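Close look at the chain arrangement
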Amino acid sequence: MGQKVHPYGFRLGITKDWLSKWYADKKNYSRFALEDFAIRKEIKNLGPAAAVSHVEIIRKGNPSAGEVRVIIHSARPGMIIGKKGSEISKLQERLKRVLFNPEENLRIEVKEVKRPELDAELIAQNVIGKIEQKISYKRAIKQAIGRAMRAGAKGIKIQVSGRLDGAEIARTEWYRDGRVPLQTINADIDYAEEPALIKFGRIGVKVWVYKGDAKKRTFFTLEK
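Just so you know, these numbers come straight off a predicted model, no measurement behind them. (Residues numbered from 1 in each chain as written. Predicted model: local features only at pLDDT ≥ 70, side-chain atom pairs only at ≥ 80, totals over all residues. Heavy atoms only, no water.)

This part takes up the packing of helix 5 (residues 120-132) against helix 6 (residues 137-150). Where helix 5 contacts helix 6, the two axes come as close as 9 Å, and the packing angle between them is 155 degrees. It follows that helix 5 is roughly antiparallel to helix 6 by the angle criterion. Here helix 5 and helix 6 pass one another in a crossing that is right-handed. Contact residues: Ile123, Asn126, Val127, Lys130 and Ile131 in helix 5; Tyr137, Ala140, Ile141, Gln143, Ala144, Arg147 and Ala148 in helix 6. Per-class residue counts for the contact of helix 5 with helix 6 are eight nonpolar, two polar and two charged. (Axes fitted to C-alpha atoms, helices over the stretch in contact; angles between N-to-C directions. Helix = DSSP H or I, 4+ residues; strand = E, 2+ residues; numbered from the N terminus. Parallel < 35°, antiparallel > 145°, perpendicular 65-115°, else oblique. Left-handed = near helix turned anticlockwise from the far one by under 90°. Contact = heavy atoms within 4.5 Å. Nonpolar A, V, L, I, M, F, W, Y, C, P; charged D, E, K, R; others polar.)

Put into structure tokens, the structure is as follows:
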């Protein structure tokens, strides 16, 4: 049986930073973890039109009534913000409902993903959208690989698993261009996995993007 390690967790604290940045004692830890899960789930419900890459959650101040800062990285920030901030106001109201303490100061920031062709999550969403539109998975994958390599990726690998083309027996296929050194900690590997839902069942899509060697990073530290 294969022994596999998540590419992000493998590099966490070395070349990758945490997406949830807070400290809590035993009393508040489970509450914060559940809130983070609910916040990310609510943002994911915006759908592929929002083109959300990832979400950072930073907590500061008193655990009972502190500040919750949610940073949404998206290739289409205008879809999230809306006309004159109408959509982001609605999103803020929805996120406040999932907080255990509504008195917490919730702040939402939206940052633009400058190069979506190199973002593994956005590539996976693109491939999934085409598979669900009944476009050939091979064509969708080759187009995504071509765009990533033209955008400057050092290497990219895309894997699909399931009843491909409606086959009775599920199988796994993968396509790669360039280098994808998964066992090199210094390698900057962006990774994402998402399912596509078609009439034959689920098609799992995994994407690895190698962007070169990681630069020295300054990691988040909590204020005393």
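The sheet built from four strands is open, its strands ordered 6-5-8-7 with antiparallel pairing. In this open sheet, the two strands that pair with only one neighbour each are strand 6 (171-178) and strand 7 (187-198). Going across the sheet, the axis of each strand differs from the next one's by a mean of 10 degrees, ignoring polarity. Pairing of strand 5 (residues 155-162) with strand 8 (residues 201-213), which is carried by seven bridges, proceeds in the antiparallel orientation. For glycine 155, the partnering residue across the bridge sits in strand 8 and is tyrosine 210. (Pairing = 2+ DSSP bridges.)

This brings us to the sheet that holds strand 1 (residues 20-21). A sheet is described by the order of its strands in space; here four strands give the open sequence 1-2-3-4, paired in mixed fashion. Looking at strand neighbours, the two that pair on one side only are strand 1 and strand 4 (105-112), the edges of this open sheet. Here two bridges tie strand 1 to strand 2 (residues 52-60), and the two strands are oriented parallel to one another. Paired with serine 20 across the strands is isoleucine 57, a residue of strand 2. Seen against the sheet, helix 2 (residues 26-44) touches strand 1, strand 2 and strand 3 (67-74) and runs at an angle of roughly 150 degrees to strand 2.

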